[in-house]
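# Working through the structure, step by step
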Amino acid sequence: MGARWARGAALAMVWCACAARPSGPPAPHASPAPATVCEPLLLKNTPPYPPNAREYEAMVVQTARALSELVEQGVADEPRAAALARAAARTPIHPPPAAVALGAPQLHLGVLFISDPPRLIVFQQNNSATLQQFWRTLASPWNASLILWSNAWYSCEGGPSWWGGTAAARGIGAARAAAALFRKIPSLPCEETMYDWFGGPPLCDPLTTDCEASPVEYEDRKLEYRCKCTSGHWHKEGSGWLGASSIAEDGQLNCTPCGLGSNPAACLADTYKASLLAANLAGMLLCLVIAFIIFKKRKSKAVAMGMWTVLEVVLLGAMLIYASAASQYISAARWRCVSGAWMRELGFVACYGSVVLRLWVLLAEFRTRKAHRWTPRDAEVLRVVAAMLLGAVCYLSAFTATAACEDDASGCALASWHHVTAAAELMLLIAGLRIAYAARNANVPFQERSWLTASLWTEGVCVLSWRAAALAGAAPERSPLAAAVRAHLSAGTALACVLAPRLWHGYRTRSLAQEVSRRGPAEGFGEGEEEPTSEEVRAELKRLYIQLEILRNKTLRRDNPHISKRRGGRKPPHRRFSLQKKGSREKALQARRGGKNKASTVEASEGGDASRTPEDSVCSAEGPSHYTDADTQA
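To start, this report covers the structure provided alongside it. (Residues numbered from 1 in each chain as written. Predicted model: local features only at pLDDT ≥ 70, side-chain atom pairs only at ≥ 80, totals over all residues. Heavy atoms only, no water.)

## Points about the sheet that holds strand β9 (residues 188-189)
Quick note on the threshold: For two strands to pair, DSSP has to find at least two bridges joining them. Secondary structure elements follow DSSP: runs of H or I of four or more residues count as helices, runs of E of two or more count as strands, with numbering from the N terminus.
Ordered by their spatial adjacency, four strands build an open sheet running β9-β10-β11-β13, and the pairing between neighbours is antiparallel. Bordering the open sheet on either side are β9 and β13 (242-243), each of which pairs with just one other strand.

Next up, the structure:
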């Protein structure tokens, strides 16, 4: 055991020595190196993460754990480690790893498998300067529990190229093992470390241009740079990349900010982005204006019948959906991805969750039309919306923690997260459509059920189209235009279908009432004027009947000595009506009088109030439970 630990310590010291060995460009006074020798170059910055960075991290942890299990079982050797490295190199991720390294210092075990061309390198047999950074990356996580990403470096393995890797170590004590996955990078942003290899600083303005370097196989130099104008700037040569030879002819590449006097063709992309951002901000402003109008008109019939608090939540959700599209212009990729996902999902739940709950309220009112009618209140609906938002917050927290976005703009999150999110949105929309179908026979004012159902159908088609485009490889999550179109379809449909019919019917009702009051009750709809619809006539007649009934009840209650004025016309709860057998009093009177005036007594009992039941009493505060034809005609 002591010998094993000594060998492990010796191998670990060798790894540390390799990591401490300096690297850089060849010194000016050094003798020319042979043509077969490739000097490495270690950069100071970490390269951009790949789009599938999380898949790389999961794979490197799985490979390190597999080697640790072999070490713990005592069967780890070079053939098994090489087979494990080859299997990891064939992992179905895109892009696949260009090289895989495995190591266990306590067993003097270290292998490196390079995919193109296929080659297996053993640490004890080949520890040259060109391979030093591979072993250094493999040894970097030995004393760390996290997954580490190395800096980029220049290497000639498999052809001159930039390399970068991620490494992890798993296991405890003598069973600890490490693994590293490497990838080739075609180009990297320019930095000061490359200037000696360029032959001097690049001829590009660092404030207005972007510079990147690519490996080349020329004899006089190993790197070549190119530059282009940054966003918001333009140059007469165009907005594309310009090589070092083209830049050297003009002396230096300096770009001009887009503005007055700029080239319209070169600044078209910036104008296009500004117009999309303005459209999204205009949508947010529209939601704020409508929310203010709804609050001011909250006591009107058209707004109060639709639960004005729920309408405000719908507007809040629509504003968040517009904000998710506007977040596409955040410069930092990580914040752009996280903020866009949070605003989109919270806005969707607030907007279309309120729409579904409004349909549920209509269904509840339709199914409980009895004497004791139950209607969900605004507070109950708001509590359900709050619970739905809390569930969305928990889901988005898991999204941020496990699929956090990378610094690379080309990758936002795993595709599985987007598929699960779309499935959850479709489930909510399907639930709303099921409720709308159950309430299809309900007589709803303003045709509210039909409009809410149309908004759900439109959003469902939008979600399916978005997922189909993503599966086809269009990547709509990265396009500001696609995000703006989706936001205007989702939020605009909600605003049009939820608010516009209600406000329009409210306006038509007020216009009709004003016109009728202006004409007077004796006037009808004159010739040459617009004929009212059957719904408007029915609503006007219903309003008149209700007013007549209210006046009739007030007249009956006025100066009635049988109604208690101190208790507001309500009888004490201990009093009960004494229900007697109908007609017993009339029969007794007929028996005493010998059947005289029988016909007149019967007519009096039928026409008077003596035969009224307690439920039909007009002296109760609630009024009669039903109306007869005579009451309606009165």
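## Considering the packing of aromatic side chains
The condition is simple: When the centres of two rings from Phe, Tyr and Trp lie within 6.5 Å, Trp using its six-membered ring, the rings pair. Their planes under 30 degrees apart give stacked, over 60 give edge-to-face, and anything left gives tilted. Whether a residue is buried, partly exposed or exposed follows from its accessible area with a 1.4 Å probe, protein chains only, as a fraction of its type maximum: under 20%, in between, or over 50%, in that order. Charge-over-ring contacts are defined here by two conditions on Lys NZ or Arg CZ: a distance within 6 Å of the ring centre and an angle within 35 degrees of the ring normal.
One pass over the structure, following the stated rule, counts eleven aromatic pairs. On the basis of an interplanar angle of 80 degrees and a centroid distance of 5.0 Å, the ring pair of Phe-123 and Trp-135 is categorised as edge-to-face. Here Phe-123, found in the loop between β4 (119-122) and α4 (132-139), pairs with Trp-135, found in helix α4; they are twelve residues apart in sequence, far enough to count as distant. In this structure, Phe-123 and Trp-135 share a single accessibility class: buried. In textbook terms, an aromatic cluster arises when at least three aromatic residues are bridged by ring pairs, as seen for Phe-134, Trp-153, Trp-163 and Phe-182. Note that Arg-440 overlies the ring of Tyr-437, its terminal NZ or CZ placed 4.1 Å from the centroid.

## Quick notes on the environment of Ser-187
The following threshold applies: Whether two residues are in contact is decided by their heavy atoms, any of which lying within 4.5 Å being enough. N or O atoms closer than or at 3.5 Å make up a polar contact, with two conditions inside protein: a donor-capable atom paired with an acceptor-capable one, and, for residues adjacent in sequence, both atoms drawn from side chains.
Within the fold, Ser-187 resides in the loop between β8 (177-185) and β9. On the accessibility criterion, Ser-187 (21% relative accessible area) is partly exposed. Residues Ser-187 and Ser-161, spaced 26 residues apart in sequence, show a C-alpha to C-alpha distance of 8.3 Å. Among residues more than four places away in sequence, those in contact with Ser-187 are Trp-162, Glu-212, Ala-213 and Ser-214. Separated by 3.3 Å, the side chains of Ser-187 and Glu-212 make a polar contact.

## Concerning the nonpolar core
To keep things clear, this is the line we draw: Grouping buried Ala, Val, Leu, Ile, Met, Phe, Trp, Tyr and Cys residues that are joined through side-chain atoms within 4.5 Å yields what is termed a nonpolar core.
In terms of nonpolar packing, the biggest core is built from 39 residues, with Ile-294, Leu-315, Tyr-352, Leu-359, Leu-456 and Leu-499 touching the most fellow members. If you list the elements that add at least two residues to this core, you get α7 (268-296), α9 (308-326), α10 (333-367), α12 (415-438), α13 (448-471) and α14 (480-498). Not counting residues up to four positions away in its chain, the partners in contact with Leu-456 are Tyr-352, Val-355, Val-356, Leu-359, Leu-429, Gly-432 and Leu-433. Of all hydrophobic cores here, the second largest spans 27 residues; its members include Met-59, Ala-81, Leu-84 and Ala-177.

## Examining the side chain of Thr-493
Looking at the element boundaries, Thr-493 is found in helix α14. Thr-493 gets classed as buried once you look at its relative accessible area, which sits at 12%. One polar contact links the side chain of Thr-493 to the main-chain carbonyl oxygen of Leu-489, over a distance of 2.5 Å.

## Here's the deal with the pairing of β4
Pairing of strand β3 (residues 109-114) with β4, which is carried by four bridges, proceeds in the antiparallel orientation. The residue of β4 that forms the bridge with Ile-114 is Arg-119. In sequence, β3 turns back onto β4 through a hairpin of four residues.

## Here we look at the state of the cysteines
Put simply, the rule reads: Defined by distance alone, a disulfide is two cysteine sulfur atoms within 2.5 Å.
Counted by the stated rule, this structure contains three disulfides. The residue that forms a disulfide with Cys-190 is Cys-211, at a sulfur-sulfur distance of 2.1 Å. Looking along the S-S bond of the Cys-190-Cys-211 disulfide, the torsion reads about -60 degrees, which is the left-handed sense. Placement of Cys-190 in the loop between β9 and α5 (195-198) and of Cys-211 in strand β10 (residues 209-215) is noted, with a sequence separation of 21 residues between them. A relative accessible area of 17% places Cys-211 in the buried class. Linked covalently through their sulfurs, Cys-204 and Cys-227 form a disulfide whose S-S length is 1.8 Å. On the sign convention where negative is left-handed, the bridge of Cys-204 and Cys-227, at about 90 degrees about the S-S bond, is right-handed. One end of the pair, Cys-204, is in the loop between α5 and β10; the other, Cys-227, is in strand β11 (residues 223-229), and 23 residues separate them in sequence. With relative accessibility at 0%, the residue Cys-227 sits in the buried group.

## A closer look at α13
The following threshold applies: Here the expected span of a helix is defined as 1.5 Å times the quantity of residues minus one.
Taking 1.5 Å per residue as the helical rise, α13 with its 24 residues ought to reach 34 Å, and the 35 Å between its terminal C-alpha atoms agrees with that figure. Buried within α13 we find Glu-448, Arg-449, Leu-452, Thr-453, Ser-455, Leu-456, Glu-459, Gly-460, Cys-462, Val-463, Trp-466 and Arg-467.

## A closer look at the pattern of salt bridges
Stated formally: Take a side-chain nitrogen of Lys or Arg and a carboxyl oxygen of Asp or Glu: if they are within 4 Å of each other, that pair is a salt bridge.
Throughout the structure, instances matching the rule amount to ten salt bridges. Here Glu-380 ties to Arg-377 by a salt bridge, and the two come within 3.7 Å at their closest N and O atoms. Assessed through its relative accessible area of 55%, Arg-377 is described here as exposed. Glu-425 is the salt-bridge partner of Arg-486, the closest N and O atoms lying 3.7 Å from each other. Within this pair, whereas Arg-486 is found in helix α14, its partner Glu-425 is found in helix α12, the two being separated by 61 residues in sequence. Both residues of the pair, Arg-486 and Glu-425, belong to the buried class.

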